[in-house]
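# Structure assessment
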Amino acid sequence: MTTTSPPQPAEAAANEASEDRFRYGWRYVRHTSRERYGETEIVPLTPYDVLHPQEGDFIVQNDEHSIICTYLYHVLKMHLASGPAAFVSFDLRIAWDVPELEPHGPDIAVVFGVENWDSRKGTFDVAEQGVRPALLIEVTSPSTRRFDLNEKVEEYELAGVPFYVVVDVYDRRRTTVRRVLAYESTLDGYRAVNPDEQGRIWMKPVGLWIGFVGDRLRCFDADGNEIPDVVGLNQARLKAEQAAVKADSKAQAEAKARAEAEARAQ
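Rules used throughout
- Residues numbered from 1 in each chain as written.
- Predicted model: local features only at pLDDT ≥ 70, side-chain atom pairs only at ≥ 80, totals over all residues.
- Heavy atoms only, no water.
- Helix = DSSP H or I, 4+ residues; strand = E, 2+ residues; numbered from the N terminus.
- Buried < 20%, exposed > 50% of the residue type's maximum accessible area, 1.4 Å probe, protein only.
- 1 Å grid on protein atoms, 1.4 Å probe; cavity = no way out; pocket = protein on both sides within 12 Å on 5 of 7 lines; lining within 4 Å.
- Points joined across faces, edges and corners; volume = space filled by probe spheres on them.
- Pairing = 2+ DSSP bridges.
- Axes fitted to C-alpha atoms, helices over the stretch in contact; angles between N-to-C directions.
- Contact = heavy atoms within 4.5 Å.
- Right-handed = clockwise from strand over helix to strand, strands pointing away.
- Expected span 1.5 Å × (residues − 1).
- Arc of directions from axis to C-beta.
- Polar contact = N/O pair within 3.5 Å; in protein donor to acceptor, adjacent residues only side chain to side chain.
- Nonpolar A, V, L, I, M, F, W, Y, C, P; charged D, E, K, R; others polar.
- Salt bridge = Lys/Arg side-chain N within 4 Å of Asp/Glu carboxyl O.

Okay, the environment of Gly130 next. Secondary-structure assignment places Gly130 in the loop between α4 (126-129) and β8 (135-139). Looking at Gly130, the relative accessible area reads 66%, which means it is exposed. Expressed as a C-alpha distance, the spacing of Gly130 and Val114, which sit 16 residues apart in the sequence, is 9.1 Å.

Here's what the structure looks like:
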């Protein structure tokens, strides 16, 4: 039998230095002790901190995660703008009214029934506001994916969240898998929502479909029409403006031609 001796102090220090202590993120901690009063220290986050964040925490995310969250935020804001009082949040900390449940920081939250939400606040207090989110969406990241698929399913069910969506992106056998999962509250607890034949999920609280088109996450209205991202909307606006200018120029040219023809006839 081969035995391995424990690493020596110098070796242990080298191993620690080779690891990224801030791979989950960091927070700034201001010391209050007499010896270090007023000093600010950058402290690395732990997996527990990512699951239950504090205000001001910086959580590391990849670019695809940010693109998906930004798309969902703008689509939901635009879709719900003309409906009942609602607000959409991006990385807002939510404090629950369940004593044993610590706060979470979902990627996207939709809350109905709040007329004048102060967007400068960093925490939405369910007990204080008297209403809980109707929809929460999490976009998985490699380092924290297990939380979105396991702990948050149990804890969001305990928090009484009616609808929970997971946009799951992960690698399997050198292939990137992209899928959407969802859980709906029932009398017997959370029930997994079955996707349609295209892998799309109907998000009942907001009246939209969600699913992947190739490697792009997209939302669709009730008729199945795809809702483009900000770039797509801007391109459509420019195209419409160009068509309007072209139609106006054509109308002016036709009016001028008619006027000249009438003048010649007279």
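Moving on from the coordinates now.
Looking now at the layout of surface pockets. In this model, the largest pocket occupies a volume close to 440 Å³. Around the largest pocket, the lining is made up of 26 residues, and of these Ile59, Gln61, Asp91, Gly105 and Asp107 lie nearest the centre. No other element matches the three residues that helix α5 (residues 145-159) contributes to the lining of the largest pocket.

With that out of the way, let us pick up the sheet that holds strand β4 (residues 86-90). Pairing within the open sheet is mixed, and its six strands lie in the order β4-β6-β8-β9-β10-β11. With partners counted over all chains shown, the strands left at the sheet margins are β4 and β11 (189-192), one partner each. Strand-to-strand twist in this sheet, taken as the mean axis angle between neighbours without regard to direction, amounts to 20 degrees. Two elements, strand β9 (residues 163-172) and strand β10 (residues 175-186), share ten bridges in a ladder whose sense is antiparallel. Bridge pairing links Asp171 to Thr176 in β10. On top of the sheet, helix α3 (residues 63-80) reaches β4, β6 (108-112), β8, β9 and β10; it is set at about 170 degrees to β4, its chief contact. Running at roughly 165 degrees to β9, α5 makes contact with β8, β9, β10 and β11 of the sheet.

With that out of the way, let us pick up the pairing of β9. Burial analysis of β9 places eight of its ten residues in the buried class, which makes it a mostly covered element. Assessed by its sense of winding, the connection that carries the chain from β8 through α5 to β9 is right-handed. Between β9 and β10, which follow one another and run antiparallel, lie two residues, and Arg173 among them has a positive phi close to 55 degrees.

This part covers α3. Compared with the 26 Å implied by 1.5 Å per residue over 18 residues, the 26 Å span of α3 between its first and last C-alpha is a close match. Among all positions in α3, only His65, Ile68, Cys69, Tyr71, Leu72, Val75, Leu76 and Leu80 are buried. What you see down the axis of α3 is that its buried residues fit within an arc of 160 degrees, all on one side. Along α3, exposed side chains directed more than 90 degrees from the buried face belong to Asp63 and Ile67. N-cap assignment for α3: the residue whose side-chain oxygen lies 3.3 Å from the backbone N of Glu64 is Asn62.

Attention now goes to empty space enclosed by the protein. This model, assessed by the stated rule, comprises one cavity of 30 Å³ or more. Each pocket or cavity is described by its volume, and for the largest cavity that value is around 30 Å³. The wall of the largest cavity is formed by Arg23, Tyr24, Val50, Ile59, Val60, Gln61, Ser143 and Thr144. Partitioned by chemical class, the residues of the lining of the largest cavity number four nonpolar, three polar and one charged.

Turning our attention to the sheet that holds strand β12 (residues 201-203). For sheets, the rule is that strands pair by backbone hydrogen bonds, running either parallel or antiparallel. Taking strand neighbours across the sheet as the criterion, the four strands line up as β12-β13-β14-β15 in an open arrangement whose pairing is antiparallel. The strands lining the two open edges of the sheet, one partner per strand, are β12 and β15 (226-227). The strands touched by α3 are β13 (208-213), β14 (216-220) and β15; relative to β14, the strand with the most contacts, the crossing angle is about 10 degrees.

With that out of the way, let us pick up the pattern of salt bridges. It is possible for side chains of opposite charge to pair when their charged atoms get near one another. Counted under the stated rule, the structure contains 15 salt bridges. Where Glu128 meets Lys121, a salt bridge forms, and the shortest distance between an N and an O atom there is 3.5 Å. Judged by its relative accessible area of 36%, Lys121 is partly exposed. Across the salt bridge formed by Arg191 and Glu184, the nearest N and O atoms sit 2.6 Å from each other. Among the charged side chains, a salt-bridge network with shared partners connects Arg216, Arg218, Glu226 and Asp229.

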